[in-house]
Amino acid sequence: MGGGVLQPRPPTKERSFEGFASVAGSLPAGAALPKLVVFDLDNTLWTPELYTLRHLPNYAQAGPPGPVAGEDVWLLDGAAEALYELASCERWEAAGTTVAVASRTNKGNWARSLLQHFQVTPGGLSLVELVRFQEI
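Residues numbered from 1 in each chain as written. Predicted model: local features only at pLDDT ≥ 70, side-chain atom pairs only at ≥ 80, totals over all residues. Heavy atoms only, no water.

Some words on the nonpolar core
Defined as follows: We define a nonpolar core as any set of buried Ala, Val, Leu, Ile, Met, Phe, Trp, Tyr and Cys residues linked to one another through side-chain atoms lying within 4.5 Å. Buried, partly exposed and exposed residues are distinguished by accessible area as a fraction of the type maximum, computed with a 1.4 Å probe on protein chains only: under 20%, between the cut-offs, and over 50%, respectively. Runs of H or I in DSSP of at least four residues are treated as helices and runs of E of at least two as strands, each being numbered from the N terminus. It only takes one pair of heavy atoms within 4.5 Å for two residues to be counted as in contact.
The biggest cluster of nonpolar side chains holds 37 residues, and the ones touching the most others in it are Phe 39, Leu 45, Trp 46, Leu 50, Leu 83, Phe 118 and Leu 127. For this core, the secondary structure elements donating two or more residues are strand 1 (36-40), helix 2 (77-88), helix 3 (90-95), strand 4 (98-102), helix 4 (108-117) and helix 5 (127-130). Among the elements that take part in this core, helix 2 stands out by supplying 5 residues, more than any other. Beyond its immediate sequence surroundings of up to four residues, Leu 50 is in contact with Asp 42, Tyr 59, Pro 67, Val 73, Thr 105, Lys 107, Trp 110, Ala 111 and Leu 114.

Rendered as structure tokens:
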């Protein structure tokens, strides 16, 4: 059960996107971009998988206080970069691309809370503000 992404916890809560190179910005002018981008949650956007957090209070009910974004659960490096690009690159907005998340987790309350607390742009947009559709 559960693959397991071997990415260590980031040293700080705040990511730096200094020198970030946009994928959409590197495509030829007029290149088609998708209208919908859907991310899974566990081991796609973040790690560890929520079901592995048995040591947290109220695990069985996925009740408060739940995992803390950036401490108990953190965004994967590639996912953080993809989310930053989707939130900040004008070509994605011009293409009308919508961002969604989908998950079969039995820790839905925790997942929805984490979506509210992860920031996808430094000091700005939260993940829940970027995501237009959720199927959890």
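A few points about helix 4
Keep this limit in mind: In this description, one arc is meant: the one made by directions from the helix axis to the C-beta atoms.
Of the positions making up helix 4, those classed as buried are Gly 108, Trp 110, Ala 111, Leu 114 and Leu 115. Down the axis, helix 4 shows its buried residues gathered within 160° of arc, on one side only. Next to the buried residues of helix 4 lie strand 2 (46-47), strand 4, helix 5 and strand 5 (131-135).

Some details on the side chain of Thr 97
Inclusion rule: Here a polar contact is recorded for every N or O atom pair within 3.5 Å, except that within protein the pair must consist of a potential hydrogen donor and a potential acceptor, and residues adjacent in sequence are included only if both atoms are side-chain atoms.
Structurally, Thr 97 is set in the loop between helix 3 and strand 4. Separated by 2.5 Å, the side chain of Thr 97 and the backbone oxygen of Pro 34 make a polar contact. In contact with Thr 97, not counting residues within four places along its chain, are Leu 33, Pro 34, Lys 35, Leu 36, Val 37, Leu 86 and Trp 92.

Quick look at the sheet that holds strand 5
As a reminder of what qualifies: We treat two strands as partners when DSSP finds at least two bridges between them. Axis definition: a line fitted to C-alpha atoms, limited for helices to the stretch in contact. Angles are taken between N-to-C directions and run from 0 to 180 degrees.
Pairing is parallel across the open sheet formed by 3 strands, whose spatial order is 1-4-5. Each of the sheet's edge strands pairs with one partner strand only, and the pair in question is strand 1 and strand 5. Adjacent strand axes in the sheet meet at a mean angle of 25° when their direction is disregarded. With 4 bridges connecting them, strand 4 and strand 5 associate as parallel partners. Note on strand 5: the bridge partner recorded for Ala 100 is Phe 133.

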